[in-house]
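Below, each chain spelled out in residue letters.
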Amino acid sequence: MKIISNEVKKLFNPILLITLVVFIYIYCRGFLQLQYWPQVNTGNPWDTEVHAEMIKIFGPTLSRDEMPEFMEFYNGLVTDFEAEMQKSEIFKNNGIENYKQYCEAKGELRMKDELTDEDSAVDAEINRYTFELMPASELSFKLNELENRLLIDIENGGTFATDETIKNRQRYLDDLNPEMAEMIEKKFRSDETSLLTITPQKVVEDDSLHIVIICSLAVFSAVLFMLITDRLRGIYPIALSSKIGRKIFRIQAAVSGFFGLFAGIASCAIYGAALMNKGAGVFLDCPMDNYYYDMWIKLSYRQYLLIMAAAVIVFSGAAGLLSYIVGRFATNYISGLAVSIPVIVALCGAEFLAAAGLFTAQRVWIHSHYWSSAALPFVITLPICIGTVTAVCLILKHDGRRDIL
Amino acid sequence: MLTVDNVTKYYGKKPAVENISLSLGNGLYGLLAPNGAGKTTLIKMLTTLLTPTSGEILYCGTPIEKLGAEYRGLIGYLPQQFGYYRGNTPMQYLEYLAALKGMPEKGLREKIENVIDEVGLSEAKNIKMKKFSGGMLQRVGIAQAIMSDPKILILDEPTAGLDPKERVRFRNIISAMSKDRTVILSTHIVSDIESIANRVIMIKDRRLFRDSTVPELSAELVGHVYETSVPDGEYETFEREYFVLSARQEQNSMAVRLYSPSPAPYAPAEPNLEDIFLVTYR
């Protein structure tokens, strides 16, 4: 027990920990997408908010039967926006009295190459209503999201399409290979659609990689510092020539692995709490398969989060074991650093592919007719898990049969 | 009984020790050789840190590799460079090493305090080792090597950094310990072992050169060591003619101790271990 506690204590070098905390804070401020919630990938906060509002009314999915209520919700937003429009003298003077006219004017102005003074005034007012004036801007973004997300879907023969609208899509489907056509048609004929929007997924997909990078750097720093410092201190000759001192390597391997797992679990717990605090909890029951994305596996957002957390923890644990392997053979800090950099890059690259593969392999296949591997996450994750554990076991087993120093 | 049976060790293609055979029973063995001769390699093999390329080391007839932890439980080892945790006190560090040595917890604290007292560190037992001098650290190293009451005590350059008083104290400790155990003391400081070693093992050119008692070794040089006084102006010529073992400046001359393979016209002197060392490794 004393040996274990000593090895664990060595990982918690105060100076190193303070350095890591500062580094992690700076890294998170620089790279984590969560801090930009709820407008990641959308540029505005209202897309996510309107989906959250809809989930409170309709639940995690919107079904074909709920379309009248949905239109009521949509029209409510239109009415509110029109009330805001009444406050504008420019709209009044140019005969723009309702939301439909507002949208038409916006479309026309966008098509024009040259604007008159009147056009410019209207254009400026539309821009003000779209981007600046509250609450008109908020309503505008929400309406835009619903139109792009659901109404276009209806018009184009999407999730809520009728047989008639499906026919309009048939020509497009005929051009595709039968497997893809079947998949898309099935999607268009679905009885319901997920109300999950892009931000909750995109934030987690991007941040999972950064969390693995943070964990890997933290774990490699702590473990390599511990192992290389021990080596340079000359602790090993006494330890390894003592009765049970050789267990020190096994203990260090286990401590490194568990430290990696601990770092992964702690990061996921902290990140998860922050994610829920931002309001992602409302999306937990939404299916991941939605208007934007096709997944090769049917998951809810909750399951997706758990899988991503599991991936982060597995990769972080692997980082612990890999850092142990590097630390066992690195004779000084420079060589440890030199070997660690490509190992961390490879590990994070693998996590990126695995995380992206979980969600996007099918997407790549649909859009580019490109090779798809639904099993990509497993193809990457399993060898890393099995490989690192096996390598550590082999090293430890081999210790008794070779020069240990 | 520790037996080294025709042991050879290569680092890659480079030999470090070749065909060394020894039998080590109870007693103090001085392992004497200049730096780089293979002492530390032999010691690392005796402590199982290195495995021989060929040959084997046996303890009571069983290869030490097979005995593994059981054999390591019999060893007390002070490496050439003693590693320690700077933030630990000697008490903390020895408690940790006691855990590595598998020493029972019952009475452990007393045992550690006794051994700290034995090496003269009682007053510093709760001071962090980062404040210790080289000699104090070496005494902690000696304490850890002897605290488990080992059957085989292996000490690699143990007196480095110790002052004369500490060296005498150290010699007395290990001399007393060698009565009922094997003590191997590797050094190139001849005076460390001259008065206390039961046998002296000399390694030359990576091979075992001598395994004898100090009197046996000395006997080989009887009639070849002389003392004389050489006028200052003639010393350079004298040095070219004879192998000077030591020289001390006096008023107008040098008091010289010399080795000559053939009879020389000077006063014969009693050979000592330092003479043997210098002649062997000249």
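Residues numbered from 1 in each chain as written. Chains lettered and ligands numbered in written order. Predicted model: local features only at pLDDT ≥ 70, side-chain atom pairs only at ≥ 80, totals over all residues.

Chemist: Would you explain the overall build of chain B in this entry?
Modeler: Counting secondary structure elements, chain B contains 11 helices and 14 strands. The buried share of chain B, reckoned over its 282 residues, is 40%. (Helix = DSSP H or I, 4+ residues; strand = E, 2+ residues; numbered from the N terminus. Buried ≥ 20, exposed ≤ 12 C-beta atoms within 10 Å, placed from the backbone.)

Chemist: Is there a simple way to explain the domain arrangement of chain B in this structure?
Modeler: Quite often, the size of an interface is put as the accessible area lost when its parts meet. Residue and element names in this part refer to chain B. Entries for chain B in the domain assignment read domain 1 (2-217) and domain 2 (219-280). Between domain 1 and domain 2, the C-alpha centre-to-centre distance is 34 Å. Residue-level contacts link 11 residues of domain 1 with eight residues of domain 2. At the level of secondary structure, the elements contributing two or more residues to the side of domain 1 that touches domain 2 comprise β9 (199-204) and α9 (214-221). A class-by-class count of the residues in the side of domain 1 that touches domain 2 yields eight nonpolar, no polar and three charged. (Domains from an automatic or database assignment. Contact = placed C-beta atoms within 7 Å. Nonpolar A, V, L, I, M, F, W, Y, C, P; charged D, E, K, R; others polar.)

Chemist: Just checking my understanding: could you explain the sheet that holds strand β4 (residues 54-59) of chain B for this structure?
Modeler: Within a sheet, adjacent strands bond to each other through the backbone by hydrogen bonds, running parallel or antiparallel. Residue and element names in this part refer to chain B. Judged by pairing direction, the sheet is antiparallel, and its four strands sit side by side in the order β2-β1-β4-β5 without closing on themselves. Edge positions in the open sheet fall to β2 (14-24) and β5 (62-63), since each of these has one partner strand only. Note that strand β1 (residues 2-11) and β4 share five bridges and pair antiparallel. Bridge pairing links T8 to S54 in β4. Here helix α1 (residues 39-46) sits on the sheet in contact with β1, β2 and β4, set at roughly 60° to β2. (Pairing = 2+ DSSP bridges. Axes fitted to C-alpha atoms, helices over the stretch in contact; angles between N-to-C directions.)

Chemist: Would you mind going over the packing of α9 of chain B against helix α11 (residues 273-280) of chain B with me for this structure?
Modeler: How two helices sit against one another is set out by the angle between their axes and by the gap between those axes. Residues and elements named next belong to chain B. For the pair α9 and α11, interaxial distance at closest approach is 9 Å and the crossing angle is 60°. Between α9 and α11, the angle falls in the class oblique. Viewed along their axes, α9 and α11 form a crossing whose handedness is left-handed. Taken together, the residues of α11 that come into contact with α9 (itself represented by V214, L217, S218 and L221) are L273, D275, I276 and V279. Among the residues forming the contact of α9 with α11, the class breakdown is six nonpolar, one polar and one charged. (Parallel < 35°, antiparallel > 145°, perpendicular 65-115°, else oblique. Left-handed = near helix turned anticlockwise from the far one by under 90°.)

Chemist: Whenever I open this one, the environment of L97 of chain B confuses me. Can you help?
Modeler: Residue and element names in this part refer to chain B. By secondary structure assignment, the location of L97 is in helix α4 (residues 90-100). A tally of 24 C-beta atoms within 10 Å means that L97 is categorised as buried. Taking the C-alpha atoms as reference points, L97 and S148, separated by 51 residues in sequence, lie 9.7 Å from one another.

Chemist: Whenever I open this one, the interface of chain A and chain B confuses me. Can you help?
Modeler: On the side of chain B, 24 residues touch chain A, which itself brings 20 residues to the contact. Elements with a contribution of two residues or more to the side of chain A that touches chain B: α1 (2-11) and α12 (236-240) of chain A. The greatest single-element share of the side of chain A that touches chain B, amounting to four residues, is contributed by α12 of chain A. A per-class count over the side of chain A that touches chain B returns nine nonpolar, six polar and five charged.

Chemist: Just checking my understanding: could you explain the sheet that holds strand β3 (residues 27-32) of chain B for this structure?
Modeler: Residue and element names in this part refer to chain B. Strand order in the open sheet formed by six strands is β6-β7-β8-β3-β9-β10, with mixed pairing between adjacent strands. Sheet topology places β6 (75-78) and β10 (207-212) at the edges, where each strand pairs with a single neighbour. Each adjacent strand pair in this sheet contributes to an overall mean axis angle of 15°, direction not counted. Lying over the sheet, helix α7 (residues 164-177) contacts β3, β7 (152-156) and β8 (182-187), oriented at roughly 145° with respect to β8.

Chemist: Explain unusual backbone geometry here, please?
Modeler: Excluding glycine, residues mostly carry a negative phi; peptide bonds, for their part, are mostly trans. Of the consecutive residues W37 of chain A and P38 of chain A, the connecting peptide bond is found in the cis state with omega at 5°. Secondary-structure assignment places P38 of chain A in the loop between α2 (14-31) and α3 (46-58). Its identity as a non-glycine residue notwithstanding, C60 of chain B has a phi of 50°, on the positive side. Here C60 of chain B is to be found in the loop between β4 and β5.

Chemist: Mind showing me how you'd approach the pairing of β3 of chain B here?
Modeler: Side-chain direction in a regular strand flips from residue to residue, so the side chains alternate between the two faces of the sheet. All names here are of chain B. The buried fraction of β3 amounts to five of the six residues, a majority that puts the element mostly inside the structure. In this structure, β3 lies alongside β8, joined through six bridges in parallel fashion. In the strand pairing of β8, L28 is matched with V183. Where β3 and β9 come together, four bridges link them in parallel fashion. Of the residues in β9, the one forming a bridge with L31 is I201.

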